[in-house]
Amino acid sequence: MNMEDLEAQGMKKMSNIYESAANTLGIFNSPCLTKVELRVACKGISDRDALSKPDPCVILKMQSHGQWFEETTNRRTASKLPDVHTQVDRTEVIRTCINPVYSKLFTVDFYFEEVQRLRFEVHDISSTHNGLKEADFLGGMECTLGQIVSQRKLSKSLLKHGNTAGKSSITVIAEELSGNDDYVELAFNARKLDDKVVMNNLSPAWKSFKVSVNSLCSGDPDRRLKCIVWDWDSNGKHDFIGEFTSTFKEMRGAMEGKQVQWECINPKYKAKKKNYKNSGIVILNQCKIHKMHSFLDYIMGGCQIQFTVAIDFTASNGDPRNSCSLHYIHPYQPNEYLKALVAVGEICQDYDSDKMFPAFGFGARIPPEYTVSHDFAINFNEDNPECAGIQGVVEAYQSCLPKLQLYGPTNIAPIIQKVAKSASEETNTKEASQYFILLILTDGVITDMADTREAIVHASHLPMSVIIVGVGNADFSDMQMLDGDDGILRSPKGEPVLRDIVQFVPFRNFKHASPAALAKSVLAEVPNQVVDYYNGKGIKPKCSSEMYESSRTLAP
């Protein structure tokens, strides 16, 4: 049996080095993961004229190449710059209101692997003029789209000129707007067909099959579907028996043990034969919907991204005091380690509520005994290796360099095992609470390849992904096998990985591009890795539908 569709959708200021790395982030064309709807409301807006209430309107701006864009009747400010993923809009004007709840929804493309900076500005629009030039600026709020979706409901004070905060605030609620990723399992049989169809059987029962709801009806349950029955022939010249039309909505009637049936009609027979009724009956015995949760289902359900970084401090990096060293700290220009760290870390930090990141080093002799360690805390606090924000990781990295003796070898299995231990403890909760991302920055081919393969195979069973960035000009060809793109990675004993969880890229491939290109390359697979793990384990998002509905309440 075959189915055919009849019809063809303000940020915290960092140190100079951190800003130098972060401000070079650009935006590049790539397919968005999904679309997000943003609902907006304000509270306590005050007019400059104390005797009247404002007529507020919210303008959404998105940053691209360091400049803010806004849309007013298809006219873009700063339009000399290229239109690069700039989705901007404005709400309706609500007259004489200090607590507006807007009906207009902002729809924006969501990219996990990008820092998408947004700015919401509230303006008082004159009743006689609807343009922004005549508007009074009532306050603004800056954030990233990642911050909104990770919290699902973000409320912040509106800042006026000079970044002074008043009593007014803005609330933004995110809701995923995407096609249905669920798939449906259908099982058909037939009765009294006109020809011999399955093993000379006029009343065949076909094997059940699965199809995504998107493929079946593009997410529209009322879309007409044509179902065609053929008499299969081994020579490929199949004989047409008949057809019928239906909708996914109608097919769902076969859920919970019920049946739905249709007459199979041959139009030629119907036109020629006066007494023609049908060419048989087709019966749908089973319609079972399998829910496929999306990346944002888990993030908005409260799943946190636990970001950990591990840095190579082997002697092959060169003396940090020498300007040729990969660890050399230039007063204004970040080295490759810092560029990669900031590019990836700045994105991951939006999905971690406490912004505390464990940071480790490997391949160095550490004080006070100066023994070699492959998993030491770069803040030298083994009981608490966490650093406050990506800026804290940068500062710990800069601070530890003069205290270390760069040594070797380049072993990364210990740090993978350390993070895997935390991920293993998370599995005991049976919830989608924490997913771990380990960023390993190294300047050479690892020397414990067998142990690393074993550690990765073990980690593939856990809520964990590993990103490896090769820094410098070493030959990293042997590292490509860890990525799994050229074949299934196996442990030395031959056990294959359960999931592809490793992404390896040499930094030199992005040396003449923005670090954002590096982040996009290494993080683009993470959403699918998160979904594959939790869906594979049958683990649903934490947040219940009742909690989700309550978070959508905007009324002040």
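Residues numbered from 1 in each chain as written. Predicted model: local features only at pLDDT ≥ 70, side-chain atom pairs only at ≥ 80, totals over all residues. Heavy atoms only, no water.

- An unreviewed UniProt entry annotates the protein as Copine 4 originating from Bos indicus x Bos taurus.
- Listed under Sequence similarities (unreviewed entry) in UniProt, the entry text for the protein is "Belongs to the copine family." (UniProt positions renumbered as here; feature names shortened; annotations may be inferred.)

## Observations concerning the side chain of Thr-308
Phase 1: Position of Thr-308 among the secondary structure elements: in strand 19 (residues 304-312).
Phase 2: Non-local contacts of Thr-308, meaning those with residues more than four positions away in its chain, are made with Pro-358, Phe-360, Val-419, Ile-437, Leu-438 and Leu-439. (Helix = DSSP H or I, 4+ residues; strand = E, 2+ residues; numbered from the N terminus. Contact = heavy atoms within 4.5 Å.)

## Points about the side chain of Asn-266
Phase 1: Mapped onto the fold, Asn-266 is located in the loop between strand 17 (260-263) and helix 5 (267-272).
Phase 2: Setting aside chain neighbours within four positions, we find Asn-266 in contact with Phe-240, Ile-241, Gly-242, Tyr-276 and Ser-279.

## Section: the nonpolar core
Phase 1: Counting residues in hydrophobic clusters, the biggest one holds 90 residues, and the most contacted among them are Leu-38, Phe-120, Phe-307, Phe-313 and Leu-523.
Phase 2: When residues in this core are grouped by element, the largest group, nine residues, is from helix 7 (residues 336-348).
Phase 3: Two domains each donate at least three residues to this core, and these are domain 1 (34-67 + 86-178) and domain 3 (303-537).
Phase 4: Setting aside anything within four residues of it in sequence, one finds Leu-38 in contact with Lys-104, Leu-105, Phe-106, Val-108, Leu-118, Phe-120, Leu-145, Ile-148, Val-172, Ile-173 and Ala-174.
Phase 5: Membership of the second largest hydrophobic core comes to 30 residues, among which are Ile-412, Met-449, Val-497 and Ile-501. (Core = buried A, V, L, I, M, F, W, Y, C linked by side-chain atoms within 4.5 Å. Buried < 20%, exposed > 50% of the residue type's maximum accessible area, 1.4 Å probe, protein only. Domains from an automatic or database assignment.)

## Quick notes on the packing of helix 9 (residues 413-427) against helix 10 (residues 449-459)
In a packed pair of helices, the relevant descriptors are the angle between the two axes and the axis-to-axis distance.
Phase 1: Contact geometry for helix 9 and helix 10: axes closest at 9 Å, N-to-C directions at 15°. Classified by the angle between their axes, helix 9 and helix 10 sit roughly parallel to one another. Both helix 9 and helix 10 take part in a crossing whose hand is left-handed. Residues Ala-413, Ile-416, Gln-417 and Ala-420 of helix 9 lie in contact with helix 10, whose contacting residues are Asp-451, Thr-452, Ala-455, Ile-456 and His-458.
Phase 2: Tallied by class, the residues present in the contact of helix 9 with helix 10 amount to five nonpolar, three polar and one charged. (Axes fitted to C-alpha atoms, helices over the stretch in contact; angles between N-to-C directions. Parallel < 35°, antiparallel > 145°, perpendicular 65-115°, else oblique. Left-handed = near helix turned anticlockwise from the far one by under 90°. Nonpolar A, V, L, I, M, F, W, Y, C, P; charged D, E, K, R; others polar.)

## Points about the packing of aromatic side chains
Phase 1: A full pass over the atoms with the stated rule returns 15 aromatic pairs.
Phase 2: Plain terms: the ring middles of Phe-244 and Trp-262 are 4.8 Å apart, the flat faces sit at 15° to each other, and that makes the pair stacked. With a gap of 18 residues between them, Phe-244 in strand 16 (residues 239-247) and Trp-262 in strand 17 connect regions that are remote in the sequence. Summarising the burial analysis for this pair, Phe-244 and Trp-262 share the class buried. (Phe/Tyr/Trp six-rings, centres within 6.5 Å; stacked < 30°, edge-to-face > 60°.)

## Things to note about helix 12 (residues 515-523)
Phase 1: Counting buried residues in helix 12 gives eight out of nine residues, a clear majority hidden from the surface.
Phase 2: Turning to helix 12, its buried residues are Pro-515, Ala-516, Ala-517, Leu-518, Ala-519, Lys-520, Val-522 and Leu-523.

## Some details on the sheet that holds strand 18 (residues 281-290)
Phase 1: With respect to topology, four strands assemble into an open sheet ordered 14-13-18-17, the strand pairing being antiparallel. Where the open sheet ends on each side, the last strands, each with one partner, are strand 14 (209-212) and strand 17. Neighbour to neighbour, the strand axes of the sheet diverge by 35° on average, direction disregarded. (Pairing = 2+ DSSP bridges.)

## Concerning the sheet that holds strand 22 (residues 371-373)
Phase 1: Strand order in the open sheet formed by three strands is 22-21-25, and the pairing between neighbours is antiparallel. Two strands bound the open sheet, and with one partner strand each, they are strand 22 and strand 25 (405-406).
Phase 2: In this sheet, strand 25 lies alongside strand 21 (residues 364-366) in antiparallel orientation, the contact comprising two bridges. Across the sheet, the residue bridging to Ala-364 is Leu-406, located in strand 25.

## Quick look at the environment of Cys-543
Phase 1: Topologically, Cys-543 is positioned in the loop between helix 13 (526-536) and helix 14 (545-551).
Phase 2: Spatially, the C-alpha atoms of Cys-543 and Asp-297 are 8.7 Å apart, while their sequence positions differ by 246 residues.

## Considerations on the pairing of strand 28 (residues 502-506)
Phase 1: Within strand 28, five of the five residues are buried, which leaves the element mostly enclosed by the surrounding structure.
Phase 2: The alternating pattern of strand 28 places Val-502, Phe-504 and Pro-506 on one face and Gln-503 and Val-505 on the opposite face, and all of these are buried.
Phase 3: Note: strand 27 (residues 464-470) against strand 28, five bridges, orientation parallel. Pairing of Val-466 across the sheet is with Val-502, part of strand 28.

## Quick word on the pattern of salt bridges
Phase 1: Tallied over the full model, the rule gives 14 salt bridges.
Phase 2: A salt bridge links Glu-142 to Arg-119, with the nearest nitrogen and oxygen atoms 2.9 Å apart. Residue Glu-142 is found in strand 10 (residues 136-144), and its partner Arg-119 is found in strand 9 (residues 117-124); the two are separated by 23 residues along the sequence.
Phase 3: The class of Glu-142 is buried, set by a relative accessible area of 19%.
Phase 4: We note a salt bridge from Lys-418 to Asp-375, for which the minimum N-O separation is 3.8 Å. Taken as a pair, Lys-418 in helix 9 and Asp-375 in the loop between strand 22 and strand 23 (376-377) lie far apart in primary sequence, 43 residues in all. (Salt bridge = Lys/Arg side-chain N within 4 Å of Asp/Glu carboxyl O.)

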